[in-house]
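Descriptive analysis of the structure
This is what each chain is made of:
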Amino acid sequence: MITVTDQPLDIAAHEAAVSDARAGAVVSFAGVVRDRDHGRSVELLEYEAHPSAESVLREVAAELLADPDVYAVAVSHRYGPLKIGDVALVAAVSTAHRAAAFTACARLVDEVKARIPVWKRQVFTDGTDEWVNCA
């Protein structure tokens, strides 16, 4: 499961997608819209994704899967308007052991955030907004 979508993301579905009989560990991450950023109250976020965003996710996943310790990878990013508490990014990996799973999931999230062409518009409760090039 590797998607860029305007639909809500399902963490359990990502975890199920990386299920593997060899895996002793499944680690997942959910990036959730929070109500504050750098001391400012946030009302909502709006993500815009470049058409290449999904192919970038696939490249990152393929790089992780080149590691023989990683059995499966699932990752999705949402775009469009998101409210406080909505999930913007889900990543899940499976490996034989927990340490490798935590390391792989952290690497997956970091690589996605560094490389995916997604822009975030934060709308603050005071009516101001700002655009940020990050996932």
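Preceding this paragraph is the structure being described.
What counts as what
- All residue numbers refer to positions counted from 1 along the written sequence of the respective chain.
- Predicted model: local features are reported for residues with pLDDT of at least 70 only, side-chain atom pairs are reported and counted for 80 or more only, and whole-chain, interface and lining totals are derived from all residues.
- No hydrogens and no water enter the side-chain calculation; it runs on all heavy atoms of the structure.
- Should DSSP find at least two bridges between two strands, the strands are taken to pair.
- Labels follow the DSSP assignment, with helices taken as runs of H or I lasting at least four residues and strands as runs of E lasting at least two, numbered in each case from the N terminus.
- To estimate how far a helix should extend, the number of its residues minus one is multiplied by 1.5 Å.
- What makes two residues a contact is simply this: any of their non-hydrogen atoms within 4.5 Å.
- All axes here are fitted lines through C-alpha atoms, helices being fitted over the stretch that makes contact, and every angle between N-to-C directions spans 0 to 180 degrees.
- For classification, angles of less than 35 degrees are called roughly parallel, those exceeding 145 degrees roughly antiparallel, those between 65 and 115 degrees roughly perpendicular, and all remaining angles oblique.
- Crossings are sorted by hand: turned counterclockwise from the far helix by less than a right angle, the near helix makes the crossing left-handed, and turned clockwise it makes it right-handed.
- Each residue receives one of three labels: charged for Asp, Glu, Lys and Arg, nonpolar for Ala, Val, Leu, Ile, Met, Phe, Trp, Tyr, Cys and Pro, and polar for the others, Gly being one of them.

The next point concerns the pairing of strand β9 (residues 129-132). Here strand β8 (residues 118-124) runs beside β9; their pairing, made up of 4 bridges, is antiparallel. If you follow Arg121 over to β9, its bridge partner there is Trp131. Between β8 and β9, which follow one another and run antiparallel, lie 4 residues, and Gly127 among them has a positive phi close to 95 degrees.

With that settled, consider helix α3 (residues 98-115). With 18 residues, α3 should reach 26 Å at 1.5 Å per residue; the first-to-last C-alpha distance of 26 Å fits that figure. Against β2 (25-32), α2 (53-65), β5 (70-78) and β7 (87-95) lie the buried residues of α3.

Reading across the sheet, the 4 strands line up as β1-β5-β7-β2 and stay open at both edges, with mixed pairing between neighbours. Single-partner strands in this sheet number two, and they are β1 (2-5) and β2. Taking the axes of each pair of neighbouring strands and ignoring which way they run, one obtains an average angle of 5 degrees across the sheet. Relative to β7, β2 runs antiparallel, the two being bridged by 8 bridges. Paired with Ala25 across the strands is Thr95, a residue of β7. This element, α2, spans β1, β5 and β7 of the sheet and lies at about 160 degrees to β5. Packing of α3 onto the sheet brings it into contact with β2, β5 and β7, and relative to β7 it is tilted by some 145 degrees.

Assignment of secondary structure puts Glu63 in helix α2. Sequence separation between Glu63 and Gly31 is 32 residues, and the spatial gap between their C-alpha atoms is 21 Å. Excluding anything up to four places from it in sequence, Glu63 contacts Arg107 and Arg115.

A separate point is the packing of α2 against α3. Viewed as axis vectors pointing N to C, α2 and α3 meet at an angle of 150 degrees, and their least axial separation amounts to 10 Å. Classified by the angle their axes make, α2 and α3 are roughly antiparallel. Regarding α2 and α3, the two cross each other, and that crossing is right-handed. Contact with α2, carried on its side by Val56, Leu57, Glu59, Val60, Glu63 and Leu64, involves Ala104, Arg107, Leu108, Glu111, Val112 and Arg115 of α3 and no other residues of that element. For the contact of α2 with α3, the per-class residue count stands at 7 nonpolar, no polar and 5 charged.

The analysis is restricted to geometry; functional conclusions fall outside its scope.
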